[in-house]
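This is what each chain is made of:
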Amino acid sequence: MKRFFRRFIEKFIEGIFFLSSSVTTLTVLLIVVFLFREGMGVFNKTPIEEGFAIALNKNNSVKEISSLDMKNIFDQNITNWKTLGGNNDSIILFRIDDISNYFTDEQLGDSLQYVPKCISSLVDSLTGIIAFIPEKYIDKHFAGRKLPMDKISVGKFLSGKEWFPTAQPASQLGVLPLILGTLWVSLMAILIALPLGLATAIYMAEIASEKVRRILKPLIELLAGIPSVVYGFFGLIVIVPLIQKVFDLPVGETGLAGSIVLGIMALPTIITISEDAIRTTPRAMKEASLALGANKWQTIARVIIPYSMSGITAAAILGIGRAIGETMAVLMVTGNAAVIPHTILEPVRTIPATIAAELGEAPQGGLHYEALFALGCILFILTMATNLLVEYISKKRKYNKQ
Amino acid sequence: MKIRTHQVNLYYSDFHALKGITMEISANTVTALIGPSGCGKSTFLRVFNRMNDLIDGVKITGDIFIDGQEIYDRKTNIDDLRKNVGMVFQKPNPFPKSIFENVAYGLRVNGINDKKFIEERVERSLHQSALWDEVKDKMKKSAFELSGGQQQRLCIARALAIEPSIILMDEPASALDPISTAKIEELIYELKKNYTIIIVTHNMQQAGRVSDKTGFFYLGELIEYDDTKIIFTNPKNPRTQNYITGRFG
Ligand SMILES: Nc1ncnc2c1ncn2[C@@H]1O[C@H](COP(=O)(O)OP(=O)(O)O)[C@@H](O)[C@H]1O
Ligand SMILES: [Mg+2]
C-alpha cells in the first residue's frame, strides 16, 4: 500500500514537471507563430489605405507609380509628369476634400449622389490630374484610369529607404533606415563597451588584489540591475547635452548618444563573461610564459587573451544581443529620425524604439500595425542570429581546448 | 659552483615549507630532488626562477646565488633571471599557438624580431629536444595536435630557445608513457653537456638513471645530499635508506 502510494506521488510529480516544460515550450512557439502571422500580413497588400484608389486621366501615359514617387507627388516634390516619364504636363493633385473647389453643392446632389459622376468628368477634363479618392465614388462608367498599385514585397520592405507609415495616400514602409539604425547603434555600442569591458575584466582577473575585486564585482552586478529607463534618463541629462556641446551639434540626440548608453548597459555582460573566460586560463600556461622571461603585460597580451578569445567573443556578441533588443533607453536618447544615418552624429531610430513608439497609435489590424509586427520579426531574426553565433563559438571553444 | 644556497627558509604565510636548505650545485650536472609528496621539492625548485614570487604571502629568507649573484637581491632583474633559468613543468603546457610560435615565444617576448634568427633558433632548439624530425613538416599546426610526449619535448625546446644555462624540470615525465619517458631521459643526458639541470622526480629509478647528485627532502628539510651512487647504495641517513628501499613515501 505504502509502495503504491509512493509510486503514485512519483508519477504525479513527473507529470507536473512534464506539463510545465511542455507549457513553456508551447508558449515560446505560440509567441513566435503569433509574431510571424501578424507580421506576414503586411506583404502582398498595397500601401494605399484600404477602400481608396488612385486615378489618372486616361490619356496620361504613366503606367505605374512607386509608393515613394506617390509620396513625392503628394508632397509636391514632383510637380510634372515628365519626371515620371510621362507628358510634359503639370501635376494637379486632387483629394476628395478638394471637390468643393470644382463643384457646387447643387452639382454634387443633396445626398452626394452625383459625386461619382462629378469626379469622373473632372478626371476626364484635367489631363494632369492625379486623384486620391474612395473606391465607392468611382463611377460604373468611370472616364479616368484607375492606377494599379504595386504590392508590398519582402524585398521592397527590406530595401525601402523611407519609413513613414502614416503618409497619405501611400504608406512608406521601407525598413532599411531602421535596420541600419539598429545595427549602427549596436555596433558602435560594442566598439565603445568592448575595450572598456575587456580592460576591466583583465584588471579584475589578473591585476586587482582580492580586496579590490570584492568591491568591484558587486558594483558591476549592480550596474546590471539598474532599470533601462534610468539609463535613459542618465543619457538624456548627461550624455545628450555633452555630445551636443563637444561636437557643436544642433541636437544632442544622436546615434552616438544611444551607443554610449547601450555601451554602458552592455558593460556588465561583457565584463562578467570575459572575466570568467580569462579566469579559465590555466595557471600553468601563465607560469610557462613568465618562466620564459615574459612580463605580466606580455603574458596577458600574448597568452591569456588568445587563450580566452572565444569567451571574449561570446561576451561581445551577447553584449550586442542585449544592445539590439534594448528599447527604452535608446528611444529616449537617439532622436528617432527614421532616415538612413550617414554619420553617428545624426539622429537615428532603431527597430525596438520604432515599435514602442508607434504601436500605440497604429490601428489594430491595419497596415501600419502589421508592418510593426514585421519589424518585430526582423528583430527576432537578428537576435536569434546573434544567439546562434554565440552557441557556435562556444562549441568551437570546447573543441579547441582539447 | 654554478648554484649555491645557504640556509634557505620559505614560508607560505604561516606554513614553514622549506627549512634551512643549504646546497651546492656545479655546472653541467644533473641534480635530482627526491622525497615523498608534499616535502617541498617543487617549492625548492621554484626558488631558482622566483616562481614563488607570484604566490601571495610567500616569504623567503637565506641566500641563493647563481653564478655568484644573489638572485633575491633588489638589483636582480627578474625577467633576465628567468631567461637564464628555464623551466619545464609537470604537465606539458604548450601555448594555444602554432608549434613554431611556441618555440619562438621566449625570443619574441625578449624583443627579438629578426625573422631569420628566430627561424634558426627554433630549428636548433627543436633539434636539441629531438623533436625536429617529427614536426618539421607541420610547424604551423597547433601545438595541441601533438601527443603528450611530443608536447613535453616542445616545452623543452621552448625553454632551450632562449639559451638558459640552467633548466629546472618538475617531474617532466610523470604524465607520459614509458616510451616518451625514455626519450625525455635520453634528452636530459644529452643536455647535460651544455646545461645545468635540476630535476624533481618521484621515480627512484629515473633519479638513478639520469642524475649525478641526488638530494632527499623530507618535511621541508634536506635530509641528505650526495652523489647519486652513494644515495642509492650507501645512504648515511636511515630515513633516506627507508625511503629509497620503498618503506615509506
Ligand atoms: N601555494 C601554496 N600555498 C600554501 N601552501 C603550499 C603552496 N604550495 C605548496 N604548499 C605546501 O608546501 C608543501 C610543499 O609543497 P610542494 O613543494 O609542492 O611539495 P612536493 O613538490 O614535494 O610534492 C606542501 O605541504 C604543500 O601543501
Ligand atoms: Mg611537486
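Residues numbered from 1 in each chain as written. Chains lettered and ligands numbered in written order. Predicted model: local features only at pLDDT ≥ 70, side-chain atom pairs only at ≥ 80, totals over all residues. Heavy atoms only, no water.

1. As for the overall build of chain B
Stated formally: A run of DSSP states H or I qualifies as a helix once it reaches four residues; a run of E qualifies as a strand once it reaches two. Both are numbered from the N-terminal end. In this description the radius of gyration comes from C-alpha coordinates, and the expected globular size is given by 2.2 Å times residues to the power 0.38. The buried label applies to any residue whose accessible area, calculated with a 1.4 Å probe on protein chains only, is under 20% of its type's maximum; exposed applies above 50%, and partly exposed to all values in between. When checking whether two residues touch, look at their non-hydrogen atoms; a contact exists if any pair is within 4.5 Å. Note on areas: these come from Shrake-Rupley sampling with a 1.4 Å probe, and a residue is covered only by the protein chains present in the view. Neither His nor the chain termini are counted; the positive set is Lys and Arg, and the negative set is Asp and Glu. Positions of charges follow a simple convention, taking NZ of Lys, CZ of Arg, CG of Asp or CD of Glu.
Within chain B, the secondary structure is distributed over 10 helices and 10 strands. Taken against the 2.2 N^0.38 rule, which gives 18 Å for 249 residues, the C-alpha radius of gyration of chain B at 18 Å falls within 12% of a compact globule. C-alpha atoms of chain B, sized along the principal axes, occupy 55 × 45 × 30 Å. In chain B, which comprises 249 residues, the proportion classed as buried is 52%. In chain B, of all internal contacts separated by at least 6 residues, the share reaching a separation of at least 24 is 67%. Carbon and sulfur atoms form 47% of the exposed surface of chain B, whose accessible area is close to 11200 Å². Charged side chains of chain B number 33 positive and 31 negative; the gap between the two group centres comes to 1 Å.

2. A few points about the packing of aromatic side chains
Residue and element names in this part refer to chain B. Filter applied, for reference: In this scheme Phe, Tyr and Trp rings, the latter by its six-membered ring, pair at centre separations within 6.5 Å, and the angle between planes marks the pair as stacked below 30 degrees, edge-to-face above 60, and tilted otherwise.
Counted under the stated rule, the structure contains 13 aromatic pairs over all chains. A ring pair is formed by Phe95 and Tyr105, whose centres lie 4.4 Å apart and whose planes are at 45°; its orientation type is tilted. With Phe95 in the loop between strand E6 (85–88) and helix H3 (99–109) and Tyr105 in helix H3, this pair connects stretches of sequence that are 10 residues apart. In this structure, Phe95 and Tyr105 share a single accessibility class: buried. For the pair Phe216 and Tyr218, a centre-to-centre distance of 6.4 Å together with 15° between the ring planes defines the contact as stacked. On the basis of relative accessible area, Phe216 is assigned to the buried category, the value being 0%.

3. Digging into the site of ligand 1
Residues and elements named next belong to chain B. As a reminder of what qualifies: The criterion for a residue being near a molecule or strand is simple. One of its heavy atoms has to lie within 4 Å of it. N or O atoms within 3.5 Å of each other form a polar contact, as long as, within protein, one can give a hydrogen and the other can take it, and as long as residues adjacent in sequence are counted only when both atoms are side-chain atoms. In this count, Pro and Cys sit with the nonpolar residues alongside Ala, Val, Leu, Ile, Met, Phe, Trp and Tyr, while Asp, Glu, Lys and Arg are called charged and the others, Gly among them, polar.
Around ligand 1 sit Tyr12, Phe15, Ser37, Gly38, Cys39, Gly40, Lys41, Ser42, Thr43 and Ile55, and that is every residue in its neighbourhood. Between ligand 1 and the protein, one listed contact pairs an oxygen atom with a backbone N or O atom of Cys39 at 3.3 Å. Gly40 is positioned with one of its backbone polar atoms (N or O) 3.1 Å from an oxygen atom of ligand 1. A total of 560 Å² of accessible area belongs to ligand 1 in isolation, and the protein chains cover 62% of it. Among the residues forming the shell around ligand 1, the class breakdown is four nonpolar, five polar and one charged.

4. Examining the packing of helix H7 (residues 176–207) of chain A against helix H10 (residues 255–279) of chain A
Angle between the axes and distance between the axes are the two parameters that describe a pair of packed helices. We count it as follows: Lines fitted to C-alpha atoms define the axes here, with helix axes fitted over just the stretch in contact, and angles between the N-to-C directions of these axes take values from 0 to 180 degrees. It is the rotation of the near helix from the far one that decides the hand of a crossing: anticlockwise by less than a right angle makes it left-handed, clockwise makes it right-handed.
Taken N-terminus to C-terminus, the directions of H7 of chain A and H10 of chain A make an angle of 35°; their axes are 6 Å apart at the nearest point. Regarding H7 of chain A and H10 of chain A, the two cross each other, and that crossing is right-handed.

5. Observations regarding the sheet that holds strand E3 (residues 30–34) of chain B
Residues and elements named next belong to chain B. Worth spelling out the cut-off: Here the rule is simple: two strands pair whenever DSSP picks up at least two bridges between them.
Strands sit in the order E6-E7-E8-E3-E9-E10 across an open sheet of six strands; the sheet is mixed. Bordering the open sheet on either side are E6 and strand E10 (221–227), each of which pairs with just one other strand. Within the sheet, the average angular offset between the axes of one strand and its neighbour, ignoring direction, is 15°. For strand E9 (residues 213–218) and E10, the ladder comprises six bridges, and the chain directions are antiparallel. Looking at the pairing, Lys213 lines up with Asp227 of E10. Contacting E3, strand E7 (166–170) and strand E8 (196–200), helix H7 (residues 178–191) runs over the sheet at an angle of about 150° to E8.

6. Some words on the interface of chain A and chain B
Note the following rule: Simply put, the buried area is the total loss of 1.4 Å probe accessible area from both parts when two parts are fitted together. Just to be clear on terms, a salt bridge is a Lys or Arg side-chain nitrogen sitting within 4 Å of an Asp or Glu carboxyl oxygen.
Counting residues at the interface gives 20 residues for chain A, matched by 26 residues for chain B. Carbon and sulfur atoms supply 62% of the area buried between chain A and chain B, which totals about 1900 Å² over both sides. Our count for the contact surface shared by chain A and chain B stands at one salt bridge. Among the salt bridges present, the one from Glu287 of chain A reaches Arg46 of chain B, with a minimum N-O distance of 2.9 Å.

7. Focus on the packing of helix H4 (residues 115–128) of chain B against helix H6 (residues 148–160) of chain B
All names here are of chain B. Condition: Should an angle fall under 35 degrees it is called roughly parallel, over 145 degrees roughly antiparallel, and 65 to 115 degrees roughly perpendicular, with every other angle called oblique.
Across the interface, H4 lies against H6 with an axial gap of 8 Å and an inter-helix angle of 130°. If you check the angle between H4 and H6, you find them oblique. The two elements H4 and H6 meet at a crossing, and its hand is right-handed. Contacts from Ser125, Leu126 and Gln128 of H4 reach H6 at Leu154, Ala157 and Leu160. Across the contact of H4 with H6, the residue classes tally to four nonpolar, two polar and no charged.

8. Details of the environment of Leu372 of chain A
Along the chain, Leu372 of chain A turns up in helix H16 (residues 367–400). In this structure, the C-alpha to C-alpha distance between Leu372 of chain A and Ile351 of chain A, residues 21 residues apart in sequence, is 8.8 Å.

9. Regarding unusual backbone geometry
Not every positive phi belongs to a glycine, and Asn44 of chain A is a case in point at roughly 65°. Within the element layout of this structure, Asn44 of chain A appears in the loop between helix H1 (2–40) and strand E1 (52–56). A relative accessible area of 58% means that Asn44 of chain A is categorised as exposed. The phi torsion at Ser13 of chain B lies on the positive side, around 50°, for a residue other than glycine. Take Ser13 of chain B: it is sitting in the loop between strand E1 (3–12) and strand E2 (15–25).

10. Quick look at the sheet that holds E2 of chain B
Residue and element names in this part refer to chain B. The strand order E2-E1-E4-E5 describes an open sheet built from four strands, whose pairing is antiparallel. The open sheet has two edge strands with one neighbour each: E2 and strand E5 (69–70). One ladder, built from eight bridges, connects E1 with strand E4 (residues 58–66); its direction is antiparallel. When the bridges of E4 are listed, Leu10 appears paired with Ile60.

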